[in-house]
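Listed below are the residues making up each chain.
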Amino acid sequence: MENRYINLDSIDTYNKLYGLPTHHPLVAVVDLKDATKEVNDVTINYGVYALFLKNNASCSVRYGRRSYDYQEGTVVSFSPGQVIEVNNPGHHIAPDVIGLVFHPDLIYGTPLAEKINSFSFFDYSEMEALHLSDDERGRFLSCLGLIRQEIEHPVDNHSATLLSANIQVLIEYLHRFYDRQFITRHKVNSEIISNFQRQLKQYFIGEQPDRRLPNVAYFAERANLSAGYFSDLVRKETGKSPKDIISLHLLSVAKHRLATGNEDVSEIAYALGFEYPAHFTRMFKRLTGQSPTQYRQQIAMN
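What counts as what
Residues numbered from 1 in each chain as written. Predicted model: local features only at pLDDT ≥ 70, side-chain atom pairs only at ≥ 80, totals over all residues. Heavy atoms only, no water. Helix = DSSP H or I, 4+ residues; strand = E, 2+ residues; numbered from the N terminus. Buried < 20%, exposed > 50% of the residue type's maximum accessible area, 1.4 Å probe, protein only. Contact = heavy atoms within 4.5 Å. Expected span 1.5 Å × (residues − 1). Salt bridge = Lys/Arg side-chain N within 4 Å of Asp/Glu carboxyl O.

Student: How should I be thinking about the side chain of N15 in this particular structure?
Tutor: Its location among the elements puts N15 in helix α1 (residues 11–18). Judged by relative accessible area, N15 falls into the buried class, the value being 2%. Not counting chain neighbours up to four residues away, the residues in contact with N15 comprise L20, P21, T22, A28 and V30.

What follows is the structure in structure tokens.
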């Protein structure tokens, strides 16, 4: 049986899905213990932002080909454009979930609108959920309480500004908590970095006529991570983006071939996976300040 498909393009649509009242057209603090409708086997196309704290493991979420079983005390984040499958085994008509749902229209023209795309955890997959300590959980709930109070306050000229500001405080805290999670998982993350570096080196060993340039998504998939989470993990551990690390390794391999072989520049470019030699030359010059031909001539003079 196929899942129901729901375009979640408004706060009222979300509230009606769970049988909750709508107190504000653009934002809601939700507690699914108050839900009057059971939601099971649905596919949701998100048109809103959402942050959920899950306090039990009674449902699973599927994102793409991967599924994630919630653990107690985890936060997951959704943003417009994500398509999520939700499956509930039916043990609880009201899952123990509390969170925030807000429409992009709420933050237009505010400082949060300018910054929200920099919070990359909205693009993490559900397998990369944020695990909160008791203190962090208390901070999350405290922020939700302030947002709820503002929603319940009579609307005035300050309402939109204060709602946006309080939402930004919550998101900034989640950003801090994710940084803490990266630090506390240093050992696991170090293994991921080591595997990434080893796979990157192996990728260019030998001659492969159909080789293509590897991208961040290629290595993220092999680490069983989303590209966003993988990129942030690598940057936290190394100080460089995975894209920069790939480019620097490409440069190292290219320099070796230019210095030790007789291949022309186009042959090296194709061997490394570039579709057009001009793209290789552009990358090489950007990183070294000279063209591949100039580099080869310099090496020959030394």
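So much for the structure itself; the text now carries on.
Student: Help me out: how do you make sense of the pairing of strand β2 (residues 27–31) in this one?
Tutor: On a regular strand, each side chain points to the face opposite its neighbour's, so the side chains alternate between the two faces of the sheet. Burial runs high along β2: 5 of the 5 residues are buried. Of the two faces of β2, the one holding V27, V29 and D31 and the one holding A28 and V30 are both buried throughout.

Student: Sorry if this is basic, but what is going on with helix α8 (residues 242–260) here?
Tutor: Structural remark: α-helix, 3.6 residues per turn; residues separated by three or four positions point the same way. The end-to-end C-alpha distance of α8 is 27 Å, a good match for the 27 Å that 19 residues give at a rise of 1.5 Å each. Among the residues making up α8, those that are buried are P242, I245, I246, S247, H249, L250, L251, V253, A254, R257 and L258. Looking at the buried positions of α8, the neighbouring elements they touch are α5 (186–203), α6 (216–222), α7 (227–238), α9 (265–272), α10 (277–288) and α11 (292–301).

Student: Would you take a moment to explain the pattern of salt bridges for this structure?
Tutor: Should their charged atoms come close, side chains of opposite charge can pair. The full count for this structure, using the stated rule, is 7 salt bridges. A salt bridge links R257 to E263; the nearest nitrogen and oxygen atoms lie 2.8 Å apart. Judged by relative accessible area, R257 falls into the buried class, the value being 12%. Ionic contacts of the salt-bridge type, sharing partners, join the residues D31, K33 and D96 into one network.

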